[in-house]
Every structure is written in structure tokens, then in C-alpha cells.
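Remarks on the overall topology
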Amino acid sequence: MPATDTSVTQALHARRSVRAFTDKPVDPALLKEIFAAAQRAPSGGNLQPWQATLVTGARWQAVKDAVAARITMGREGYEPEYEIYPKGLTEPWEARRFGVGEALYASLGIPREDKPGRIAQFMENYRGFGAPVMLFLHCSRIMGPPQWSDMGMWLQSVMLLLVEHGLASCPQECWAMYGATIRRTLGLGDEQILFTGLAIGYADTEAAVNQWPVPRAPLEDVIDWQGF
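Here's a quick rundown of the structure. Every chain is numbered independently, its residues counted from 1 as its sequence is written. Two thresholds apply to this predicted model, a pLDDT of at least 70 for residue-level local features and 80 or more for giving and counting side-chain atom pairs, whereas whole-chain, interface and lining totals are computed over all residues. To obtain the side-chain values, all non-hydrogen atoms of the structure were used and water was disregarded.

**What about the nonpolar core?**
By convention a nonpolar core is built from buried Ala, Val, Leu, Ile, Met, Phe, Trp, Tyr and Cys residues, the set being connected through side-chain atoms within 4.5 Å. Relative accessibility thresholds used throughout: buried, under 20% of the residue-type maximum; exposed, over 50%; partly exposed, between the two (1.4 Å probe, protein chains only). Ile34, Leu137, Trp154, Val158, Leu162 and Leu198 are the most contacted members of the largest nonpolar core, which totals 27 residues. Where helices and strands are cited, they refer to DSSP runs of H or I of at least four residues and of E of at least two residues respectively, numbered from the N terminus. Of all the secondary structure elements, the ones that give two or more residues to this core are α2 (28-38), β2 (133-140), α6 (145-164) and β4 (192-201). Top element by residues in this core is α6. It accounts for seven residues. Excluding anything up to four places from it in sequence, Leu137 contacts Trp50, Gln51, Ala52, Met151, Trp154, Leu155, Ile193, Leu194, Phe195 and Thr196. Residues Val63, Cys174, Tyr178 and Ile182 belong to the second largest nonpolar core, which totals 22 residues. Residues are treated as being in contact if the distance between any of their heavy atoms lies within 4.5 Å.

**Looking at the side chain of Gln121**
Take Gln121: it is sitting in helix α5 (residues 115-123). Once residues lying within four places of it in the same chain are set aside, the contact partners of Gln121 are Leu104, Tyr105, Leu108, Ile110 and Phe129.

**A look at helix α3 (residues 57-71)**
An α-helical turn contains 3.6 residues, so any two residues separated by three or four positions project in the same direction. Expected helix span is taken as 1.5 Å per residue step, with the number of steps being one fewer than the number of residues. Look at α3: 21 Å from first C-alpha to last across 15 residues, which is about the 21 Å you get at 1.5 Å a residue. Where the residues of α3 are buried, they touch β1 (51-56), α5, β2 and α7 (179-186).

**Some remarks on the packing of α3 against α7**
Simply put, an axis is a line fit to the C-alpha atoms, just over the touching stretch for a helix, and the angle between two N-to-C directions goes from 0 to 180 degrees. The geometry of α3 relative to α7 is characterised by a closest axis approach of 10 Å and an angle of 145° between their N-to-C directions. As α3 runs across α7, the sense of the crossing is right-handed. Here Arg59, Ala62, Val63, Ala66, Val67 and Arg70 of α3 lie close against α7, whose contacting residues are Thr181, Ile182, Arg184, Thr185 and Leu186. Taken together, the residues of the contact of α3 with α7 sort by class into six nonpolar, two polar and three charged. By definition, turning the near helix anticlockwise from the far helix through less than a right angle yields a left-handed crossing, and turning it clockwise yields a right-handed one. Residues are grouped as follows: nonpolar covers Ala, Val, Leu, Ile, Met, Phe, Trp, Tyr, Cys and Pro; charged covers Asp, Glu, Lys and Arg; every other residue, Gly included, is treated as polar.

**Thoughts on the pattern of salt bridges**
Whenever a carboxyl oxygen of Asp or Glu lies within 4 Å of a side-chain nitrogen of Lys or Arg, that contact is scored as a salt bridge. Under the criterion given, the structure shown has nine salt bridges. Across the pair Arg70 and Glu79 runs a salt bridge, and its minimum N-O distance is 3.6 Å. In terms of burial, Arg70 and Glu79 fall into one category: buried. Between Glu102 and Arg112 there is a salt bridge, with the nearest N and O atoms lying 2.7 Å from each other. Taken together, the positions of Glu102 in helix α4 (residues 93-107) and Arg112 in the loop between α4 and α5 put the pair ten residues apart, joining distant regions of the chain.

**Quick look at the sheet that holds β2**
DSSP-based pairing: two strands are paired if at least 2 bridges between them are found. Taken together, four strands build an open sheet; the order of strands is β1-β2-β4-β3 and the sheet is antiparallel. Of all the strands in the sheet, the pair left with one neighbour each is β1 and β3 (168-172). When strand polarity is set aside, the average angle formed by the axes of neighbouring strands in this sheet is 25°. Alignment of β1 against β2, held across six bridges, turns out to be antiparallel. In the strand pairing of β2, Gln51 is matched with His138. Contacts between α7 and the sheet are confined to β1, β2 and β4, with β4 contributing the most and set at about 80° to the helix.

By themselves these figures say nothing about function.
Here it is as C-alpha cells:
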């Protein structure tokens with residue numbers, strides 16, 4: 001699909017974490033165009049620490065199968081790369097995290113007491129919500145927090161470019177809970193650390209899970225104006 005005349009502001013407002021995709025395939029030539037543009041993302045010292053492995057078809061299924069086998073082991077199957085959320089999360093961050101989860105389940109009509117329903121929906125994370133393409137973002141273990149920030153800027157660039165081309169995505173740090181399994185399956189080696197997955201495809205625009213509003217904090221909560 002050719003690029004639209006979407007502005008950066010429009011792409012920012014349109015982008016959301018899509019949790020239901022169609023099975024429409026994604027043109028690899030289009031993805032190459034998007035990734036080539038994303039290479040302009042800022043990077044301290046021009047290190048460009050990001051490395052990505054893209055999977056579809058049988059390779060994507062192999063990852064899902066390998067992780068599914070670990071999930072059946074319960075907590076013994078966890079192989080986390082890092083702590084996704086800080087321990088002892090306090091306000092206002094805990095309220096934001098709790099609120100977005102409740103809004104997601106509410107959009108699907110899954111009440112808090114429906115534990116099986118919530119677990120079933122959570123497991124959709126490890127199917128990429130039906131996305132035909134999964135990007136796994138990783139880097140060398142020698143990289144530190146500044147380079148992880150660079151990876152985030154590259155990832156945001158990719159997500160906005162996907163919007164520009166009519167595609168959707170969902171960043172998924174949950175894959176890091178089984179990072180070693182994914183690295184083994186993809187042959188990445190222990191010198192790499194998995195940061196996140198990014199589900200890529202065409203959004204199912206009719207799905208309720210893709211329509212609920214995701215709130216953002218007001219400017220006065222995050223911006224301290226000094227000297228203006």
C-alpha cells in the first residue's frame with residue numbers, strides 16, 4: 001500500500017496498540033521501505049544499537065509453539081530477560097496500569113470475576129493477536145540504558161511509519177518473559193538480549209478491542225514549565 005499524506009501529528013493520534021488483526025499478508029517490500037526510513041531514528045554516538053528479527057509463516061509459528069510449551073510449565077517456564085515493570089510500583093503509575101487493563105477487558109465484556117475469560121484473552125498476547133508478522137527487537141548485552149532509549153526511538157519511528165502506510169502494530173514486552181526460548185528458536189545467541197516484540201499487520205477495525213479510548217495524562221502532570 002502506498003504511503004498516505006498522513007502528518008506526524010495524525011499518525012501519533014491514529015497509532016494505538018492493536019489487539020486484533022486480519023490475516024491479510026504484509027508485503028515484505030513495503031516493510032523494507034518502512035525499515036529503511038526508520039534508520040533515520042536518532043541514536044547517541046550513531047551506535048544504532050537496534051537489531052530486529054522479522055518472522056512470518058512457519059518461523060512465526062515455531063516461535064509461538066516454543067513459547068506455548070514453556071507457558072504450560074507455569075512459573076517454572078519463565079525465562080525473563082528483565083523486569084518489565086518496577087517492583088513496588090506506586091501512584092500514579094499503578095493506577096494507570098490497572099486502569100488500562102480494566103478498560104481493555106471491559107471493551108470485550110469480560111468482568112473481573114471471569115478468570116477463564118481474562119486468561120484466554122491474555123493468552124492472545126502470545127499469538128500476536130493474530131498478526132501475520134512479528135518483529136523481535138533485540139540488542140547486544142553490552143548496551144546500556146541510553147542505547148535502550150535509542151531502541152525505543154527506532155521502534156516509535158517504525159510504528160508511525162506503519163500508520164502512514166495503512167498498517168497497524170502492537171508493541172509487546174510480554175515476549176521478554178520467555179526471552180531465552182525465543183532467542184534459542186531464532187538462533188540469536190546468548191550475547192543478544194530480547195527487548196520486545198512488535199506485532200505487525202492490518203487492524204481488524206470492527207473488533208471492539210481496537211476501539212476503546214486509551215487515556216493519556218494531562219500536560220500539567222508531566223511537563224514542568226520553568227522560565228516561560
